[in-house]
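Tertiary structure, described
Single-letter residue listing:
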Amino acid sequence: MATPGIQNGSVSMMAVGPVDQNGHSTAAQQRSSPVRIFLFFHKAIRAELDGLHRAAMALAMNRSGGDIKQLMDKCHFLRSIYKHHCNAEDEVIFPALDIRVKNVARTYSLEHEGESMLFDHLFTLLDNDTSNEESYRRELASCTGALQTSISQHMSKEEEQVFPLLNEKFSFEEQASLVWQFFCSIPVNMMSEFLPWLSSSISPVERQDMRQCLNKIIPQEKLLQQVMFTWMDGVKISSKRKRSEEDPRQNSCSDTPIENKHCICESSETPESDILSLNTLYHPVDDIYHWHKAIKIELNDIAEAARDIKLTGEFSDLSAFNRRLQFIAEVCIFHSIAEDKVIFPALDAELSFVQEHAEEKSEFDKFRCLIEYIESAEANSPAEFYSRLCSQADHIMETIKKHCHNEETQVLPLARKYFSAERQRELLYQSLCVMPLRLIECVLPWLTRSLSEEEARCFLYNMNMAAPASDTALVTLFSGWGCKGHPRSYCLSSSETGCPARTLTETQNNFVKSCGDCGNSSIFNESTTFGLESKCEKTVKQENKISLVESSGCNISGTESQKTFLNNRTCCVPGLGVDSSSLGMSSLATAKSLRSLSFSPTAPSLNSSLFNWETEINSSEIGFTTRPIDNIFRFHKAIRKDLEFLDVESGKLSDRDENFLRQFGGRFRLLRGLYRAHSNAEDDIVFPALESKETLHNVSHSYTLDHKQEEELFENISSALVKLSQLNENLNANNVTGNLSEKLSYSSECVDNLREYNEMATKIQGMCKSIKVTLDHHVIREEVELWPLFDRHFSVEEQDKLVGRIIGRTGAEVLQSMLPWVTSALTQDEQNRMIDTWKHATKNTMFSEWLDEWWEGTAAESSQVPTSENSISKEYEMHESMDLSDYNFKPGWKDIFRMNQNELEAEIRKVSRDPTLDPRRKAYLIQNLMTSRWIASQQKNSQTKSGEAQDSEDFLCCSPSFRDPEKKNFGCEHYKRNCKLRAACCGKFFTCRFCHDEVSDHSMDRKATSEMMCMKCLTIQPVGQICTNTSCNGFLMAKYYCSSCKFFDDEREVYHCPSCNLCRLGKGLGIDFFHCMTCNCCLGMRLLEHKCTEKGLETNCPICCDFLFTSSATVRALPCGHCIHSACFQAYACTRYVCPICSKSMGDMSVYFGMLDALMASEILPEEYRNRRQYILCNDCDRKGTAPFHWMYHKCGFCGSYSTRVIKVEQDPNCST
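Residues numbered from 1 in each chain as written. Predicted model: local features only at pLDDT ≥ 70, side-chain atom pairs only at ≥ 80, totals over all residues. Heavy atoms only, no water.

**Points about the overall build of the chain**
Filter applied, for reference: To qualify as a helix, a DSSP run of H or I must reach at least 4 residues; to qualify as a strand, a run of E must reach at least 2; elements of each kind are numbered from the N terminus. The rule is simple: take the accessible area with a 1.4 Å probe, protein chains only, and divide by the maximum for that residue type; under 20% is buried, over 50% is exposed, in between is partly exposed. Here a residue-residue contact requires only that any non-hydrogen atoms of the pair lie within 4.5 Å. For accessible areas, the Shrake-Rupley method is used with a probe of radius 1.4 Å. Any residue's cover is judged against the shown protein chains and nothing else.
Helix and strand counts for the chain stand at 43 helices and 17 strands. Counting every position in the chain, which comprises 1217 residues, the buried fraction comes to 52%. For the chain, restricting intrachain contacts to residue pairs at least 6 apart in sequence, the fraction spanning at least 24 positions comes to 68%. As displayed, the chain has an accessible area near 56000 Å², and 50% of this comes from carbon and sulfur atoms.

**Describing the sheet that holds strand 3 (residues 979–982)**
The pairing of strands in a sheet happens through backbone hydrogen bonds and is either parallel or antiparallel. Which entries qualify depends on this criterion: Note: two strands are recorded as paired if DSSP finds a minimum of 2 bridges between them.
Strand order in the open sheet formed by four strands is 4-3-5-6, with antiparallel pairing between adjacent strands. In this open sheet, the two edge strands, each paired with only one partner strand, are strand 4 (989–990) and strand 6 (1020–1022).

**Brief notes about the nonpolar core**
Our working definition: Grouping buried Ala, Val, Leu, Ile, Met, Phe, Trp, Tyr and Cys residues that are joined through side-chain atoms within 4.5 Å yields what is termed a nonpolar core.
Core analysis: the biggest nonpolar cluster contains 154 residues, and Ile37, Trp180, Phe183, Ile328, Trp446 and Phe478 have the highest contact counts within it. For this core, the leading source of residues is helix 13 (residues 318–347), giving 15 residues. Each residue touching Ile37, except ones within four places of it in the same chain, is listed here: Val179, Phe183, Met210, Cys213, Leu214 and Ile217. The next biggest cluster of nonpolar side chains, apart from the first, holds 69 residues, and it includes Ala638, Phe664, Leu674 and Leu826.

**Focus on the pairing of strand 10 (residues 1062–1065)**
Where strand 9 (residues 1054–1057) meets strand 10, four bridges bridge the pair, whose relative direction is antiparallel. Residue pairing for strand 10: Val1054 is matched across the bridge by Leu1065. Adjacent in sequence and paired antiparallel, strand 9 and strand 10 are bridged by four residues, among which Asn1061 carries a positive phi angle near 55 degrees.

**Section: the sheet that holds strand 17 (residues 1204–1209)**
In plain terms, the rule: Each axis is a line fitted through C-alpha atoms, taken for helices only over the stretch in contact, and angles between the N-to-C directions span 0 to 180 degrees.
Here we have three strands laid out as an open sheet, ordered 16-15-17, and antiparallel in their pairing. Looking along the sheet, the strands with just one partner apiece sit at the ends: strand 16 (1184–1188) and strand 17. Pairs of neighbouring strands in the sheet enclose a mean axial angle of 40 degrees, with direction left out of account. The pairing of strand 15 (residues 1173–1178) with strand 16 spans five bridges and is antiparallel. Paired with Gln1174 across the strands is Ala1187, a residue of strand 16.

**Digging into the pairing of strand 3**
Relative to strand 5 (residues 1011–1014), strand 3 runs antiparallel, the two being bridged by three bridges. Note that in strand 5 the partner of Leu981 across the bridge is Met1012. Bridge count for strand 3 against strand 4 is two bridges, and the pairing is antiparallel. Each residue of the ladder has a partner; that of Arg982, found in strand 4, is Phe989. Between strand 3 and strand 4, which follow one another and run antiparallel, lie six residues, and Gly987 among them has a positive phi close to 75 degrees.

**Some words on the pattern of salt bridges**
Filter applied, for reference: Any Lys or Arg side-chain nitrogen found within 4 Å of a carboxyl oxygen on Asp or Glu counts as a salt bridge.
On inspection of all chains with the given rule, the structure shows 46 salt bridges. Among the ionic pairs, Glu453 bridges to Arg457, the shortest N-O distance being 2.9 Å. Taken together, the residues span about one helical turn, with Glu453 and Arg457 both in helix 18 (residues 453–466) at a distance of four residues. Exposure remark for Arg457: the relative accessible area of 2% places this residue in the buried category. Each of Glu111, Lys157, Asp706 and Arg781 takes part in a single network of salt bridges with overlapping partners.

**Structural notes on the packing of aromatic side chains**
The cut-off we apply is this: Note on aromatic contacts: the rings of Phe and Tyr and the six-membered ring of Trp form a pair at centre separations within 6.5 Å, being stacked when their planes are under 30 degrees apart, edge-to-face when over 60 apart, and tilted otherwise.
Inspection of the entire model under this criterion finds 39 aromatic pairs. For the pair Tyr1137 and Phe1153, a centre-to-centre distance of 5.8 Å together with 75 degrees between the ring planes defines the contact as edge-to-face. Taken together, the positions of Tyr1137 in the loop between helix 42 (1126–1132) and helix 43 (1150–1162) and Phe1153 in helix 43 put the pair 16 residues apart, joining distant regions of the chain. Judged by relative accessible area, Tyr1137 falls into the buried class, the value being 19%.

**Quick word on helix 19 (residues 472–484)**
Under the convention used in this document: Expected span of a helix: the number of residues minus one, times 1.5 Å.
Taking 1.5 Å of rise per residue, the 13 residues of helix 19 would be expected to cover 18 Å, and the 19 Å separating its terminal C-alpha atoms lies within 8% of that figure. Within helix 19, 13 of the 13 residues are buried, which leaves the element mostly enclosed by the surrounding structure.

**Focus: the environment of Lys484**
Among the secondary structure elements, Lys484 is positioned in helix 19. When the C-alpha positions of Lys484 and Glu441 are compared, they lie 9.8 Å apart, and in sequence the two are 43 residues distant.

**So, the packing of helix 2 (residues 37–60) against helix 5 (residues 134–169)**
Our working rule: Under this scheme an angle from 65 to 115 degrees is roughly perpendicular, one under 35 degrees roughly parallel, and one over 145 degrees roughly antiparallel; angles in between are oblique. Two helices crossing with the near one rotated counterclockwise from the far one by less than a right angle form a left-handed crossing, whereas a clockwise rotation gives a right-handed crossing. Polarity classes work like this: nonpolar for Ala, Val, Leu, Ile, Met, Phe, Trp, Tyr, Cys and Pro, charged for Asp, Glu, Lys and Arg, and polar for all others, with Gly in that last group.
Closest axis-to-axis distance for the helix 2/helix 5 pair is 8 Å, and the angle between their directions is 165 degrees. Taken together, the axes of helix 2 and helix 5 lie roughly antiparallel to each other. Considering how the two elements wind past one another, helix 2 and helix 5 form a crossing that is left-handed. Broken down by class, the residue content of the contact of helix 2 with helix 5 amounts to 15 nonpolar, seven polar and six charged.

**Some thoughts on the side chain of His707**
For His707, the position within the fold is in helix 30 (residues 701–733). Each residue touching His707, except ones within four places of it in the same chain, is listed here: Tyr675, Ser679, Glu682, Asp683, Phe687, His778 and Glu782.

**Concerning the state of the cysteines**
Put simply, the rule reads: Cysteine sulfur atoms are paired as a disulfide whenever they fall within 2.5 Å.
According to the stated counting rule, one finds zero disulfides in the structure shown. Left without a disulfide partner, Cys1196 is nearest to the cysteine sulfur of Cys1181, which lies 3.7 Å away. In this structure Cys1196 comes out as buried when scored by relative accessible area, which is 3%.

**Digging into the confidence of the model for the chain**
Rule in force here: Confidence per residue, as judged by the predictor, is encoded in pLDDT with a range of 0 to 100.
In the predicted model, the chain carries a mean pLDDT of 75, and 72% of its residues have values of at least 70. Below pLDDT 50 for its whole length, residues 3–29 participates in 40 contacts with residues either more than four positions away or in separate chains.

**Comments concerning unusual backbone geometry**
Look at Asn1080: it is not a glycine, yet its phi comes out positive at around 55 degrees. Of note, Asn1080 is situated in the loop between strand 11 (1073–1076) and strand 12 (1081–1084). By relative accessible area, Asn1080 is classed as buried at 0%. In this model, Asp1182 sits at a positive phi of 60 degrees, which is unusual for a non-glycine residue.

**Considering the environment of Met155**
With respect to the helices and strands, the residue Met155 is situated in helix 5. For the pair formed by Met155 and Phe41, sequence separation is 114 residues and the distance between their alpha carbons is 9.8 Å. Sequence-distant contacts of Met155, defined by excluding residues within four places in its chain, comprise His42, Ile45, Arg46 and Leu49.

**Here we look at the environment of Val1206**
Tracing the backbone through its elements, the reader meets Val1206 in strand 17. In the structure, Val1206 is positioned 17 residues away from Phe1189 in sequence and 9.9 Å away in space, judged by C-alpha atoms. In this structure, Val1206 is in contact with Gln1174, Tyr1175, Ile1176 and His1194, ignoring residues within four places of it in sequence.

**A short note on the packing of helix 30 against helix 31 (residues 748–793)**
The interhelical angle for the contact between helix 30 and helix 31, taken along N-to-C directions, is 160 degrees, at an axis separation of 9 Å. As judged from the angle between their axes, helix 30 and helix 31 are roughly antiparallel. Between helix 30 and helix 31 the crossing geometry is left-handed. Taken together, the residues of the contact of helix 30 with helix 31 break down into 20 nonpolar, seven polar and seven charged.

What follows is the structure, given as structure tokens:
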């Protein structure tokens, strides 16, 4: 056994929370920041998840509270809430964060996609009509548990990583702006449910805190605050807005002209009957025609713009073109969602445009992909791309026209026929509320600008009539936004619906007088009025410095004069004030930041459209190349296989099969141990390598947090399995069989134990589902996000080094468990490539030798590890030939005596020139050949004496030996062990190889040992860790046993290094030692950063000339990279301070060199030597220079070292010689 002498060291650190420049802790800042409102969201979501899972468990265990209908309602509500929460994060929070901190947001957006898939799976289960089956109910409970685990872990990671970054990188005002944009990105109909649910899910103190937080987040506009707090308070008034003819007072309007401008509500006092008389066939649902008309106009303009780009070849303004496209795409998709969620369910007809909606989204995605590719890459063939641009624009136009035609011919006739005018208005209003506020603010002006005055008036009238009384503030906001889009400079609202300006100023008469804005009596009664400070024209002009297009992030088609006009409108409703530009965000940046997502077809966010397109390109580029790092990710295949086993087979735990329970526990422990090794390799080696690249900072932090959470899941399952085993033992002790239906025959305690066992089995099934889902999503995200980074940022050589470092920290026992486990999930070709990669990464070590030895033995013993001729690499063939040559050169005394000196020398030269031999084997053979005559003569002389002493020697060999005779501890002076080994070379028993070598004229090959003798029962048996004699009752030969080295040790910590193919002292690779593939030696973990010397230990000690690689003495590494025995170093350092090989200083010699400086300064040279100089070479800095003449000491003028040597002496010009 050999051991390196450089022991491991560790540094303990205490984590301290970060503080800002003012000394405030991050936690205190988080409590006062607007971002803390997300913590309330998370608390409410956790409560909802817990209630969902408890309901599913009650259903699975047939307890009270288990109702499939109630469970389905909970699932629908939770999915709706969480989906829009995720979409708002992907659209607002993550893009803003990605601008300030790179490589963080993408992972969380990918997790949103995985959680969406979980919801899909859950609803697939709920749609199955098998609720009476026990297995179905248990699977349902498992699925809800997995959903709860996945989302809870996601939110915990956000709280640990994302929220602190938001607090650190964004000011208070920027955080408030982000949260406000977050709210404005959630559909209006969801906000009316989202905020009341959130308010009811937290404590009264937290509710008050959230209200104060919202006061700081919502812009200081009373109308906006009224909208938000009405939602939060959950005000629900079922009565609709009163019609104008029911209140004649609302037909009057006072004229208040402003700068020769007037409001339509002053001059057009048109009752509802007059509006309807404009067209006797008019139905409110016909407003859908207006949407279709506006969409077609916008798409036609986009197509014309694409043709202009093709003709001019100028694409400098593609960003604006892309924003315009994104706007109309969002309009179309939300229009489709309104059809799917509002119109079609109300019609209750077998209508579905799902395929058309999916096709539209796909076409918009392709169009935007093409635009961004042209803009970012500046394609090599612009003409081709511009042609495709025009073609795609025309194709989208045709697709939308076809959709509109189908809707107008199939849907609208049914709506006119079966719905009253009031119901039609309700559906249109609900369809509008499917959009978020920030889009409605853009859409309403865009829509009304494409309408005539009467069409716009009817549209706003229908919207006001359909809105419930609780939406007073909201519909006033909508009306004002709608008025802003019309090219005429007056309000579009009729006297029946009320001018928004009048509505805002109704309760502020004194402010109206100072403003002088248009006045019109509000349709709202006193119970629904609210206080709001109106803005006059001057106020509007001052506040609306940013155009509608810029402030909302949407593009509204129109001329520059129209855009300028919008900024100077006199309409007094406030805008949302959503300004993403202040945070450095743009639509294009948003689209690029989340391009790795793939949302479901119904999701409103389009910022992820590039993911599928880029993934296809990347896969096509790297699909046929093999990289060393790929073999690490091949572990994912084996992980998935075992996860599938745990998920499927966990359903059998309720059968109480003891053998299966034992098998299941063993399979789980194997997966846990190997996954922990895989995770540690990623955390310690792979992720730091990624983070070392400047462009990849923060890319792996989320995955490190995943590993911690996954370890907790494994620990929970392990504890649950232990408890399940205990319950099973208790039931077996009471001979309880069957199920709860037979409970009458058992005591109440047994029934309780059986019920508890079934509940625990169901719980473990859910936990196994959770760990499967968690790890599945984890490895998928690694493959999507991290895997491609290695191809872009790491060369093949760098990847080889990473693989070598991973193997260098993985112990032989782990590899012996891992290799069969991994290869069982791989094809034969994948196995061969993985083994070849491992051998190439460890080419400077003995890893191939160890792998071939162990792999061959494993293949012979087990059929689970398939091996073929192709799996035997060239390295194995080389070692095989080396072994054959070894047998050819082993000297026998009869052959030696028949060889003359010339023949012997020829054999030595033959061995020396053989390139296939390992250097150590070559040295061994040459040494044996050179001493072969003496060895043979000694063997011949001793042969005659051997027969006489054979009996006594056999008796001594077969008797036990003691390390401590007084305590009767078996062993020898070298090792403590309970067995003796039979030497394959001479057939005698020795306690260890050192005992053999001390009394023999040859060395013992311990790996060739096949038999041992137990020193307790003196039984000779095959070598192994346990005595096979039944009388010994499983007596251990030693605590540690290595089947490769045939090594036993009963008192020290030992590990086998597969790269050294030797046993060494220490706790193990990756614990206190690692194997450096360049140096080919084991080093302490504190030397992770060291100076490598290729095969540094494969040499003799420069002092004692013992071979360092196999030496059992402690080895010390010098700063120069050379190695020496620690004992030899101690003796050598008493007289010398330089390396005996390269003469570099063996440490910091500044003190010693200072003493030499003082000595040199005090020494006076003879006159004839004072002016002479010598040319020197410094051993420390390897630079040449000159130094004053001296007999012994010469100081380097560059580094100040005295470790120098004279290379030339300057001749004295006065010297005749």
